[in-house]
Amino acid sequence: MASIATYTDHITGGEWPELKVLEGVGNHKLLPKLQAALKHLPFSLCGAPGTGKKHLLTMAVASTNYKLTIYDLAHISSEHGTRVDDLQCVLNRYVGNNNIDGNKLVLALYGAEHLDKNGANMLRKYNVILIANTRTEAMKSAIGRVIWAPRLTPTVMEGSIRLMCPSATPPAIKRAIQFSNGDLRQAQLQLALGVTMLRKAA
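So, how was this worked out
Residues numbered from 1 in each chain as written. Predicted model: local features only at pLDDT ≥ 70, side-chain atom pairs only at ≥ 80, totals over all residues. Heavy atoms only, no water. Helix = DSSP H or I, 4+ residues; strand = E, 2+ residues; numbered from the N terminus. Contact = heavy atoms within 4.5 Å. Buried < 20%, exposed > 50% of the residue type's maximum accessible area, 1.4 Å probe, protein only. Pairing = 2+ DSSP bridges. Lys, Arg positive; Asp, Glu negative; His and termini not counted. Salt bridge = Lys/Arg side-chain N within 4 Å of Asp/Glu carboxyl O. Polar contact = N/O pair within 3.5 Å; in protein donor to acceptor, adjacent residues only side chain to side chain. Axes fitted to C-alpha atoms, helices over the stretch in contact; angles between N-to-C directions. Core = buried A, V, L, I, M, F, W, Y, C linked by side-chain atoms within 4.5 Å.

**Regarding the overall build of the protein chain**
Scanning the protein chain from terminus to terminus reveals nine helices and seven strands. In the protein chain, the share of contacts with a sequence separation of at least 24, taken over all contacts with a separation of at least 6, comes to 67%.

**A look at the pairing of strand β6 (residues 129–132)**
Here β6 shows two buried faces, one formed by Ile129 and Ile131 and the other by Leu130 and Ala132. Across four bridges, the pairing between strand β1 (residues 43–47) and β6 is parallel. Bridged to phenylalanine 43 within β6 is isoleucine 129. Examined bridge by bridge, strand β5 (residues 104–110) and β6 share three bridges and lie parallel to one another. Its bridge partner lying in β6, leucine 109 is registered against leucine 130.

**Here's the deal with unusual backbone geometry**
With an omega of 5°, the peptide bond between leucine 41 and proline 42 qualifies as cis. Tracing the chain through its elements places proline 42 in the loop between α2 (31–37) and β1.

**Topic: helix α3 (residues 53–62)**
Counting buried positions along α3 gives nine out of ten residues, so the element sits mostly inside the fold. Of the positions making up α3, those classed as buried are Lys53, Lys54, His55, Leu56, Leu57, Thr58, Met59, Ala60 and Val61.

**Section: the side chain of lysine 54**
Among the secondary structure elements, lysine 54 is positioned in helix α3. Among buried Asp, Glu, Lys and Arg side chains, lysine 54 stands out as unpaired, with aspartate 72 the closest opposite charge at 8.2 Å. Sequence-distant contacts of lysine 54, that is, excluding residues within four places in its chain, are made with Trp16, Leu19, Ile70, Tyr110, Ile131 and Arg185.

**A closer look at the side chain of aspartate 183**
If you trace the backbone, aspartate 183 turns up in the loop between α8 (170–180) and α9 (184–201). In this structure aspartate 183 is buried but unpaired, with arginine 185 as the nearest side chain of opposite charge at 4.4 Å. Polar contacts involving the side chain of aspartate 183 include one to the main-chain amide nitrogen of arginine 185, which spans 2.9 Å. A distance of 3.2 Å separates a polar side-chain atom of aspartate 183 from the backbone nitrogen of glutamine 186. Beyond its immediate chain neighbours, meaning those up to four positions away, aspartate 183 contacts Pro49, Gly50 and Met157.

**What about the pattern of salt bridges?**
A full pass over the atoms with the stated rule returns five salt bridges. When the shortest N-O distance is used, the salt bridge between glutamate 18 and lysine 67 registers 3.2 Å. Residue glutamate 18 is found in the loop between α1 (4–11) and α2, and its partner lysine 67 is found in strand β2 (residues 66–72); the two are separated by 49 residues along the sequence. In this structure glutamate 18 comes out as exposed when scored by relative accessible area, which is 69%.

**Structural notes on the sheet that holds β1**
Think of a sheet as strands paired side by side through backbone hydrogen bonds, with each pair either parallel or antiparallel. Taking strand neighbours across the sheet as the criterion, the five strands line up as β2-β5-β6-β1-β7 in an open arrangement whose pairing is parallel. The two strands at the open ends of the sheet, each matched to only one other strand, are β2 and β7 (146–149). Looking at each pair of strands side by side, their axes are set apart by 20° on average, direction ignored. Looking at chain direction, β2 and β5 are connected through seven bridges and run parallel. Across the sheet, residue aspartate 72 finds its bridge partner in β5, namely tyrosine 110. α3 contacts β1, β2, β5, β6 and β7 of the sheet and is inclined by roughly 160° relative to β2. Taken strand by strand, helix α4 (residues 84–94) contacts β2 and β5, and its axis lies near 150° from that of β5.

**What to know about the nonpolar core**
Core analysis: the largest hydrophobic core is formed by 27 residues, its most contacted members being Leu87, Leu91, Leu107, Leu109, Leu123, Val128 and Leu130. Of all elements in the fold, only α4, β5, α5 (117–122), β6 and α6 (137–142) reach the threshold of two or more residues within this core. Dropping the residues within four chain positions of it, leucine 109 is found in contact with Tyr71, Leu73, Leu87, Val90, Leu123, Ile129, Leu130 and Ile131. Residues Ala37, Leu57, Ile147 and Ala149 belong to the second largest nonpolar core, which totals 22 residues.

Spelled out as structure tokens, the structure:
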């Protein structure tokens, strides 16, 4: 029989580093919805990649007395689904506990598409947040309430990129927006690629 310490070792490393929040990045119209939802856990936060889901959730939690932990389910999952023993250890560690400052921990499970029916069934009695690009049937069976993060408009993209990449030129920002389809991460990659190509040409 595996010890608790062994299971704990399996889950270590799945925690996301604390995100640096930049005011003005992303679709801030979602913040009131997220702040209201935090008072009535659980819920799912879904939307296409690069729409700022983790960033906006971090901003929403910052206005509360909660301490957010984002855990990447890919760390304890395979092509067959999430390992339920490891998932139980994650839930035991983070749900309903306080940190050393006395703040109540709130757990967001990133990559919730990895959950199969068994993993989803475990979550029905826990106040957690599921973050995913798409909402799977397993997620629906576990948590009924969902908030959707829409793709970012060109205006929101431009404002966000200016804050995130202050040295980017207007033509570079325009190109990044054209090729990223509302995905901030893709826009950043486009900007980085452009800088690399300029350096090689110099």
